[in-house]
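# Secondary and tertiary structure notes
One-letter residues, chain by chain:
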Amino acid sequence: MCGIVGYIGDGNARKIILDGLKRLEYRGYDSSGVAIVKNGRIVVEKTVGRIANLEEKIISLPFDGNVGIGHTRWATHGAPSDANAHPHMNGDGSIAVVHNGIIENYVELQEWLREKHGVVFKSETDSEVIAHLIGVFYKDKGSLLEAVYQAVSMMRGAYAVCAVAAAEPDKIVAVRKDTPLIAGIGEDCNFLASDIPALLKYVKKIYLIENNETVMVEKNRITIFDEGRKRVRRDVFNVTWNADAAEKDGYDHFMHKEIHEQPKGIFETLRRRLDENGLICLDGISLTKEDLFGINKIYLVACGTAYHAGLVGKYAIEKFAGIPVETDIASEFRYRDPFVDDRTLFICVSQSGETLDTMAALREAKRKGARILSVVNVVGSSIARESDDVFYTWAGPEIAVASTKAYTTQLVCMYLLALYMGYTKGVLPEGEYRRIIEELRETPEKLEKFLENEGSILKLAKKLYKKEQAFFIGRGPDCGVSYEGSLKLKEISYINSFAIAAGELKHGTIALIEEGSLVVALATQDRLFKKMLSNIQEVKARGAYVIGIAKESNHEIEQHADYVIYIPETADEVTPLLAVAPLQLLAYHIAKLRGCDIDKPKNLAKSVTVE
Ligand code: AGP
């Protein structure tokens, strides 16, 4: 997510804003910038890379002022670059803005600004549109507040915007819709920010700005207006967090926060890909009907959790699109001289977009003539740049080494790709297509509801956290999810955990099952449910302690498993989006009870850029 900081007071705006931006670095970003209003002018400095780069650039410029805005950018529209970094200005530099969110109708606004007002855009971003819109209305209204009102009335999407005007150095005007924004109450100074950590050093009292509210921040006054432009009285919120807790929104670990951010990530990843008729529109991916009929094989290649998303993706693509899919671990694919030609679609999945093995596999497939489609979370990452098509997940920055929200948003991309390909090829009936899309739409709310009953999983973790071994079993898509559940547990709790296809148990692994062995059995697939019950009985007969994961309708499992975690009813095809959540929470709480370093597990890195 992007970070926003605004300051007005007697202090040095440059220093205070930079300090605030540094406290937002944890959110993940690729560029940053500051705008300072001084002597009827606005000066802007912005750059890609770390905030230290910005600091270097700014120190050398002899400007200081008492009012300004700053921004850390997590690229959504337009790769990371100096030009795409915020703040953005209008043509004559009389207005500067910073923005967090997405302006959905920015293309039509760009056209309107070009045609009606001769605007020349300097960046590829949707955010720059806001600066020009406010500039146009400022010329007309002569008031920053009025100009912001007018500009916002034309915008659609989600946004937290802060704006300054060269001719009004006594205020900052901001507006909020579906993206967080707070106002900080200081002594002879006031603040704006995207969230609390940026301000914590300076203020403990804040106003939470609500949706569709506009706020005018002056040195000694903060005025909040509702959508009807009426002044709003707002209670002061007293911040009790310490700085470290604030970065995690009050959670003890980023991983815990990111598990709970999954409903939003799934919602955001879906929202942008469904048009007003509920049809899938894959922005920036040009897979035509001819292209699809020309594809006779798909490789789904990745590492770790991303690979596990591919295991589930395989089922969806083969079922809905009718194209054979081979999944492979990138470090194996790149050395086995795979059969690839120009009828191969190579799909690589990567949260960071920087994993060396995955990149190397991509290059091997490209060299052999495959079309490359990547599913990545970091805009402009190396893998994205070397792909023919990029399908971005909208998980937002994932900080914890153990991937959670990236995984579920990768699954959403798998489903959307599978449905899009099947429907475009005409092999997936519209009724089925719409049924699954509807099931996907309902997932965020179902997942939100499930995550609320986390207490029962904590209770279970208290019984299990001393275990030194664990087995995860499943069939079909559940098998892919069992691999992910096993990886979550092992990488943060260091318990010796492994996953195996349930049907494979009897071919050797069951020799390890003994009294008290922990077995997590995923049984969400109706047509495989009876088979899973037999596998549960097999391990129970040898003394295992079995945790069953099943849909609410499958109560029969209670006669066989020692403990059952029910997930909300949904189509079997999309149960992985829900079934993974109890496994993530179980791993998290067990690791926490074992006192492990959850966000930074030993020996692991967030992005593996080595062989
Ligand atoms: C997942 O929890 C691990 N951190 C790891 O397996 C990770 O998924 C793998 O290294 C791939 O990373 P990527 O998605 O950034 O390519």
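Here the structure is shown first, and the text comes after it.
Residues numbered from 1 in each chain as written. Predicted model: local features only at pLDDT ≥ 70, side-chain atom pairs only at ≥ 80, totals over all residues. Heavy atoms only, no water.

### A look at the overall build of the chain
In terms of regular secondary structure, the chain is built from 19 helices and 25 strands. Expected size for 611 residues packed as a compact globule is a radius of gyration near 25 Å; at 26 Å, the chain falls within 12% of this value. Considering only C-alpha atoms, the chain reaches an extent of 80 × 55 × 45 Å along its principal axes. Looking at the chain as a whole, 62% of its 611 residues qualify as buried. Expressed as a percentage of contacts within the chain between residues at least 6 apart in sequence, the contacts between residues at least 24 apart total 71%. Here the chain displays about 23300 Å² of accessible surface, and carbon together with sulfur accounts for 50% of that area. The centroid of the 76 positive side-chain charges in the chain is displaced by 2 Å from the centroid of its 85 negative side-chain charges. (Helix = DSSP H or I, 4+ residues; strand = E, 2+ residues; numbered from the N terminus. Rg over C-alpha atoms; globule rule 2.2 N^0.38 Å. Buried < 20%, exposed > 50% of the residue type's maximum accessible area, 1.4 Å probe, protein only. Contact = heavy atoms within 4.5 Å. Areas by Shrake-Rupley, 256 points an atom, 1.4 Å probe, with all protein chains shown as cover. Lys, Arg positive; Asp, Glu negative; His and termini not counted. Charge placed at Lys NZ, Arg CZ, Asp CG, Glu CD.)

### Here we look at the nonpolar core
The tendency in soluble globular proteins is for nonpolar side chains to be buried as a group. By size, the foremost hydrophobic cluster in this structure holds 117 residues, and its most contacted members are I347, M421 and I547. For M421, the residues in contact, after removing those within four places along its chain, are L292, I298, I317, A321, I323 and L345. Grouped together as the second largest cluster of nonpolar side chains are 32 residues, V97, L109, L145 and A147 included. (Core = buried A, V, L, I, M, F, W, Y, C linked by side-chain atoms within 4.5 Å.)

### Concerning the sheet that holds strand β4 (residues 67–73)
Across the sheet, 8 strands lie side by side as β3-β2-β4-β1-β10-β9-β11-β15; this open sheet has antiparallel pairing. Each edge of the open sheet carries a strand with a single partner, namely β3 (41–48) and β15 (237–238). Bridging between strand β9 (residues 182–185) and strand β11 (residues 205–208) involves 3 bridges; their strand directions are antiparallel. Pairing of I182 across the sheet is with L208, part of β11. This element, helix α1 (residues 13–22), spans β1 (3–9), β2 (31–38), β4 and β10 (189–193) of the sheet and lies at about 25° to β4. Across the sheet, helix α2 (residues 51–59) is in contact with β2, β3 and β4; its angle to β3 comes to roughly 140°. (Pairing = 2+ DSSP bridges. Axes fitted to C-alpha atoms, helices over the stretch in contact; angles between N-to-C directions.)

### Notes on the packing of helix α8 (residues 262–271) against helix α14 (residues 405–425)
Where α8 contacts α14, the two axes come as close as 9 Å, and the packing angle between them is 30°. Viewed along their axes, α8 and α14 adopt a mutual orientation that is roughly parallel. When you trace α8 past α14, the crossing you get is right-handed. Taking contact as the criterion, the partners of Q262, G265, I266, T269 and L270 in α8 are, on α14, K405, T408, T409, V412, C413 and L416. (Parallel < 35°, antiparallel > 145°, perpendicular 65-115°, else oblique. Left-handed = near helix turned anticlockwise from the far one by under 90°.)

### Side note on the site of the ligand
The environment of the ligand is formed by 15 residues, the closest being S350, S352, T355, V401 and E491. V401 places a main-chain nitrogen or oxygen 2.7 Å from a nitrogen atom of the ligand. In the model, an oxygen atom of the ligand is placed 2.5 Å from a nitrogen or oxygen of the E491 side chain. In isolation the ligand offers 410 Å² of accessible surface; the protein chains occlude 91% of this area. (Near = heavy atom within 4 Å. Polar contact = N/O pair within 3.5 Å; in protein donor to acceptor, adjacent residues only side chain to side chain.)

### Section: unusual backbone geometry
Trans peptide bonds make up the majority, and among non-glycine residues the majority have a negative phi. Following H86, the chain continues to P87 via a peptide bond in cis, the omega torsion being 5°. Summarising the element assignment, P87 is placed in the loop between β4 and β5 (88–89). One non-glycine residue, N39, lies in positive phi territory at about 45°. With respect to the secondary-structure elements, N39 resides in the loop between β2 and β3.

### What about the pairing of strand β7 (residues 157–165)?
With 9 of 9 residues buried, β7 is to be regarded as a mostly interior element. Where β7 lies against strand β8 (residues 168–177), 6 bridges are found, and the strand directions are antiparallel. Directly across from C162, in β8, lies its bridge partner A174. Following β7, the chain reverses through 2 residues before pairing antiparallel with β8.

### Some remarks on helix α5 (residues 144–154)
Residues L144, L145, A147, V148, Y149, A151 and V152 constitute the buried set of α5. Between a side-chain oxygen at the N-terminus of α5 and the backbone nitrogen of L145 the separation is 3.3 Å; the capping residue is S143.

### A closer look at the side chain of K257
By secondary structure assignment, the location of K257 is in helix α7 (residues 254–260). For K257, the contacting residues outside a window of four places in its chain are E247, K248, D249 and Y251.

### So, the sheet that holds strand β17 (residues 325–329)
In spatial order, the strands read β17-β16-β18-β19-β20; together these 5 strands make up an open sheet with parallel pairing. Each edge of the open sheet is held by one strand with a lone partner, namely β17 and β20 (389–392). Each neighbouring strand pair of the sheet contributes to a mean axis angle of 20°, computed without reference to strand direction. Of the strand pairs in this sheet, strand β16 (residues 297–302) and strand β18 (residues 344–350) are connected by 5 bridges, and their pairing is parallel. Across the sheet, V301 pairs through a bridge with C348, a residue of β18. Contacting β16, β18 and β19 (371–376), helix α12 (residues 356–367) runs over the sheet at an angle of about 170° to β18.

### With respect to the environment of D275
Positionally, D275 belongs in the loop between α8 and α9 (289–294). The spatial distance from the C-alpha of D275 to the C-alpha of I598 is 39 Å, given a sequence separation of 323 residues. Among the polar contacts made by the side chain of D275, one reaches the main-chain amide nitrogen of N277 at a distance of 2.7 Å.

### Overview of the packing of helix α10 (residues 304–321) against helix α17 (residues 477–493)
One way to put it is that α10 packs onto α17 with a least axis distance of 8 Å and a crossing angle of 170°. Relative to α17, the element α10 lies roughly antiparallel. Residues G304, T305, H308, L311, V312 and Y315 of α10 form the contact with α17, whose own contacting residues are P477, G480, V481, Y483, E484, L487 and K488. Of the residues that constitute the contact of α10 with α17, the class distribution is 7 nonpolar, 4 polar and 2 charged. (Nonpolar A, V, L, I, M, F, W, Y, C, P; charged D, E, K, R; others polar.)

### Considering the environment of R434
The residue R434 is located in helix α15 (residues 430–451) in this model. A residue is classified by how much of its surface remains accessible, and R434, at 33% relative accessible area, is partly exposed. Taking the C-alpha atoms as reference points, R434 and L419, separated by 15 residues in sequence, lie 9.1 Å from one another. If sequence neighbours within four positions are ignored, R434 has contacts with N277, G278 and L279. In terms of polar contacts, R434 uses its side chain to reach the side chain of E430, at 2.6 Å.

### A closer look at the packing of aromatic side chains
Going through the model one piece at a time under the given rule, you end up with 8 aromatic pairs. An angle of 75° between the planes, with centres 5.0 Å apart, marks the rings of Y299 and F333 as edge-to-face. Residue Y299 is found in strand β16, and its partner F333 is found in helix α11 (residues 330–333); the two are separated by 34 residues along the sequence. Note on Y299: relative accessible area 1%, which makes it buried. Pairing Y423 with Y433 gives two aromatic rings, centres 3.9 Å apart and planes at 10°, and the pair type is stacked. (Phe/Tyr/Trp six-rings, centres within 6.5 Å; stacked < 30°, edge-to-face > 60°.)

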